[in-house]
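Coordinate inspection notes
Next come the chains, spelled out residue by residue.
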Amino acid sequence: SCGIGPVALGHLSDWVREATGAVDAVVLSGNLLLGNRDVQSREEYDQHGDTMPCDYGGFNSFCEALKPTSIKHLDLSECRLDASATSSLADAIKLMGAVNEIVLDSNSIFGRTWGNKSHKCGGEEGEDDAAHAIFDALASSSVQTLSLGHTAMGPKASAKLAATLRLTKVTSLTISDNPIGDDAMVELLEGLKDVGLTSLSISNAGVGVSSAGKLAELLSALSSATKVSGAINLLTLDSTGNMRDQK
């Protein structure tokens, strides 16, 4: 983090726009790009609650600046992005022809995330579906690596992901530390059958007996060259938050 907020991001957007073709990676992880920092005084708390309100001006300008670029790697992890910001980013991704890796870990884009990732799989899915636009954007992009760990992805968002993954070029997927749950994970894994994944991370996502069985079925299918063009060579699945309370 280097303290980049909405105003600085607006200036950075001008640079990104002017540097088209000269920059292939942008890493802004840990910056409060929307200005939604924790309040620092009683007066701020009385007026705004725990955090300052979001200022989307700089981020929207940044997303517009991204559209004509040749950026390949975009890391916006831990930036306190929300559903609205993610929807704006989705519009940019549709027109970012070169981007092949997007990292959005530890942003509350599908609901509320907890500081303690091990508590209830890291978060709680919300009612706002605006962030689902990012899945539609992937269908028209060149993104191969997608990381959405600790983003409060639950059953609704994972169902949307499952329905659109086969239309994308994604080969590496991280959805760890999310309250997806056993039934929704089964649906998601079913949707992966026609996807040529080589890397999948689903640790601490509420995986239970049913989805473990579906995972075994998926791995069996991926080992057959007659069924798919590739096979998973990296699978992350630990016991944290998984296989709990199963009878």
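In this text the structure is predicted, and so the values were computed from the model without any measurement.

When its secondary structure is counted, the protein shows 8 helices and 9 strands. For the protein, the residues scored as buried account for 47% of the 247 residues in total. When contacts within the protein are restricted to residue pairs at least 6 apart in sequence, those whose partners lie at least 24 apart make up 80%. Accessible surface computed for the protein: about 11200 Å², of which carbon and sulfur atoms make up 48%.

All right, on to empty space enclosed by the protein then. One pass over the full model with this rule turns up 1 cavity of 30 Å³ or more. A volume near 40 Å³ is recorded for the largest cavity. Every residue along the wall of the largest cavity is listed here: Trp15, Val16, Ala19, Thr20, Gly21, Val23, Val26, Thr69, Ser70 and Ile71. Counted by class, the lining of the largest cavity contains 6 nonpolar, 4 polar and no charged residues.

Let us now look at the packing of aromatic side chains. Taken as a whole and judged by the stated rule, the model has 2 aromatic pairs. For the pair Phe59 and Phe62, a centre-to-centre distance of 6.2 Å together with 45° between the ring planes defines the contact as tilted. Linking Phe59 with Phe62, this pair stays in helix H3 (residues 57-66), spanning 3 residues, or about one helical turn. With a relative accessible area of 0%, Phe62 lands in the buried category. Measuring from ring centre to ring centre gives 5.8 Å for Phe110 and Phe135, while their planes differ by 10°; the resulting arrangement is stacked. Of this pair, Phe110 sits in the loop between strand S3 (101-103) and strand S4 (111-113) while Phe135 sits in helix H5 (residues 133-138), placing them 25 residues apart in sequence. Like Phe135, Phe110 is buried.

Per-residue pLDDT for the protein averages 88, and the proportion of residues at 70 or more is 88%. The weakest mean pLDDT in the protein belongs to strand S9 (residues 234-236) at 59; the strongest belongs to S3 at 98. For the stretch residues 225-231, pLDDT sits under 50, and the model shows 8 contacts to residues farther than four places along the chain or on other chains. Across residues 243-247, where pLDDT falls below 50, the model places 9 contacts with residues more than four positions away in sequence or in other chains.

Taken residue by residue, helix H4 (residues 83-93) has Ala83, Ala85, Thr86, Leu89, Ala90, Ala92 and Ile93 as its buried positions. Mapping the buried residues of H4 onto a view down its axis gives an arc of 160°, with all of them on the same face. Where H4 is buried, its residues touch H3, strand S2 (73-75), S3 and H5. With a side-chain oxygen lying 3.3 Å from the backbone nitrogen of Ser84, the N-terminal cap of H4 falls on Asp82.

Our next topic: the environment of Ser158. Relative to the assigned elements, Ser158 resides in helix H6 (residues 155-164). Remark: the alpha-carbon pair of Ser158 and Leu189, spanning 31 residues in sequence, is separated by 9.9 Å. Contacts of Ser158, omitting those with residues within four sequence positions, involve Met153, Ile180, Ala184 and Leu188.

This brings us to unusual backbone geometry. Despite not being glycine, Ala152 shows a phi value in the positive range, around 65°. Among the structural elements, Ala152 can be located in the loop between strand S6 (145-147) and H6. With a phi angle near 50°, Asn204 is a residue other than glycine that sits in the positive phi range. Within the secondary structure, Asn204 sits in the loop between strand S8 (199-201) and helix H8 (209-222). Asn204 sits in the buried class, given a relative accessible area of 2%.

Conventions adopted
- Residues numbered from 1 in each chain as written.
- Predicted model: local features only at pLDDT ≥ 70, side-chain atom pairs only at ≥ 80, totals over all residues.
- Heavy atoms only, no water.
- Helix = DSSP H or I, 4+ residues; strand = E, 2+ residues; numbered from the N terminus.
- Buried < 20%, exposed > 50% of the residue type's maximum accessible area, 1.4 Å probe, protein only.
- Contact = heavy atoms within 4.5 Å.
- Areas by Shrake-Rupley, 256 points an atom, 1.4 Å probe, with all protein chains shown as cover.
- 1 Å grid on protein atoms, 1.4 Å probe; cavity = no way out; pocket = protein on both sides within 12 Å on 5 of 7 lines; lining within 4 Å.
- Points joined across faces, edges and corners; volume = space filled by probe spheres on them.
- Nonpolar A, V, L, I, M, F, W, Y, C, P; charged D, E, K, R; others polar.
- Phe/Tyr/Trp six-rings, centres within 6.5 Å; stacked < 30°, edge-to-face > 60°.
- pLDDT = per-residue confidence, 0-100.
- Arc of directions from axis to C-beta.
- Polar contact = N/O pair within 3.5 Å; in protein donor to acceptor, adjacent residues only side chain to side chain.

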